[in-house]
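# What the coordinates show
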Amino acid sequence: MKVWEPGLRDEAAIGLVRLLARPAWAGSDTAAALRAALRKLADDPEPVVRAQASHGILLLDDDPGPAATVIGRVRDRILREQDPNVLAVQLRQVAAVIPDESAGELDQFLEELAGQPQGAFLQPGAPGGQPPAASPWSPREEVAETVAEMLTRLAVVDGAPFSAGRLADWLSRPLHDADRTKMLLRHLQPYLNPPDGTGQEATFTQLAAVVQAIRAAWPAVATPAGGGPAGGAAARDAALIAHQLAQQLDRASGAHDHQSPATSTVPRGADPVFAAYAIPLLCDLGAVQHPQVTQPVIQALINLSQVSPAGALQAVAQTVPASGPYVTDPVAASTVCAYLTRLLAEHRDLVLGTDAGLTAFRYLLEAFAGAGDPAALALVYAFAEAFR
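Residues numbered from 1 in each chain as written. Predicted model: local features only at pLDDT ≥ 70, side-chain atom pairs only at ≥ 80, totals over all residues. Heavy atoms only, no water.

### What to know about the overall build of the protein
Within the protein, the regular secondary structure consists of 19 helices and 0 strands. Counting across all 388 residues of the protein, residues that qualify as buried make up 47%. The long-range share in the protein, meaning contacts at least 24 apart out of those at least 6 apart in sequence, stands at 67%. Only carbon and sulfur atoms are counted for the fraction: they give 56% of the accessible area of the protein, which is about 18,300 Å². (Helix = DSSP H or I, 4+ residues; strand = E, 2+ residues; numbered from the N terminus. Buried < 20%, exposed > 50% of the residue type's maximum accessible area, 1.4 Å probe, protein only. Contact = heavy atoms within 4.5 Å. Areas by Shrake-Rupley, 256 points an atom, 1.4 Å probe, with all protein chains shown as cover.)

In C-alpha cells form, the structure reads like this:
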C-alpha cells in the first residue's frame, strides 16, 4: 500500500474542501466521513497540508448547533497554530464572516491571540521603546494584514474595547512602527467617507491622533543633522505617513471616481460632513512641509473647494509655503494656478468681496509669481484689473 506524500495530502485537502463547500455533498450521507478526513488533514504535521485544509476550517463540524459561533468553533485551533502561513489562511476565513459575528467575541479573540507567541505583534510595545529592527507589520505579512482588517473594523464600527484601545495607542505613536501605521491607515480607508457614515466619526478621531503626533515630531525629525541616520529615517517615515494619509483623503473625496457623462460631475466627496472632517485634518497635515506631502494635501483641498470654497481657500493659503521647493515645482504651480483661475470665475464674490478671500488669493498668486512661474506671472497681469 502506498503511503501518501505531502503533495498527495494537500491535494486531498483541496478536494475535500471543494466537496464540503457544495450543499449537496455537505448534506449527504458521506459528509461525516469527509469532515473526519478533513479534520485529520487540518492536524497534519506538514504546514502546507494544514494550510490547504484550513480553507475549510468553517466546514469541519458535523453539527455545530444553532448557538455555535465561528470564533467558538475555531478559537482553539487558531490559538495553537504556530505556522504563520497556516495562521494566515485560518484568520482569513474568520475575517470573511466578520459582519455576521459578535463584535465582542471577535474582540476577545484578538485579545487572546495577543497573549500567544504567534500574536506577539499585537502587543502595544513600550511607549518609549525603540522601533523594531524588522517590523512584523510588513506589507508582506499576511497575518498582520488580516488582523489589521479585523481590528480596524472592530475599533471604528463597533467600538470594541480591546481593538479601539490598541488602535488608539498605536496611532498615537505613528513613528514607533511606520509599517504598522501605514498598514492600519490603509485599512481605515473604507471608513473615511462611507455612504451611510458608518465608522466615520471614530475614524477621523483616530486619524487626528496620527496627524497631531506627526505634526509635533516634524520640526525635530525634519532637521536630522544632529540625529544621524536615525533622524533621517524618522523624517522619511513621517513624510511617507503624511503623504499616504493625504492621498487617502484625496481619494475619499470621490474626485477621482469614474462617472459616465450622463451622471452628475459632483464628486461623491462633495459632502459637508466629509469636508468638515477632512479640511481641518488636511490643514494640520500641511504643517509637514515636504513637496511630496504638500501636493496631495493641496489637491485634496481643491477637490473639496466646491462644497466649502471659503474654508478650502484659507486652508490652501495656509498650506502653501511662501518660498521653497514647493512653489518652484511646475506641477504645483500648474495645480494652484488652475485652481485660482477657476476660483475667480466661479466664486468672484469670495475673492473680491471679502478681505480674507482677497488676502489668501493674493498670497497664493504672489508665492508662485515670486518663484518665477510663467503661468503665475501671466495671471498677475490678467488679474491686475480685478485688484484695482
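More follows now that the structure is in view.
### Points about the packing of helix α7 (residues 103–114) against helix α9 (residues 161–171)
Put simply, α7 and α9 touch, their axes get as near as 7 Å, and they point 55 degrees apart. With respect to α9, the element α7 is oriented oblique. Of the residues in α9, those touching α7 at D107, L110, E111 and A114 are P161, F162 and S163. Among the residues forming the contact of α7 with α9, the class breakdown is 4 nonpolar, 1 polar and 2 charged. (Axes fitted to C-alpha atoms, helices over the stretch in contact; angles between N-to-C directions. Parallel < 35°, antiparallel > 145°, perpendicular 65-115°, else oblique. Nonpolar A, V, L, I, M, F, W, Y, C, P; charged D, E, K, R; others polar.)

### Some words on helix α3 (residues 31–42)
Look at α3: 16 Å from first C-alpha to last across 12 residues, which is about the 16 Å you get at 1.5 Å a residue. Those residues of α3 that fall on the buried side of the exposure criterion are A31, L34, R35, L38, L41 and A42. On an axial view of α3, the arc spanned by its buried residues comes to 120 degrees, and they lie on one face. Away from its buried face by more than 90 degrees, α3 exposes A33 and K40. (Expected span 1.5 Å × (residues − 1). Arc of directions from axis to C-beta.)

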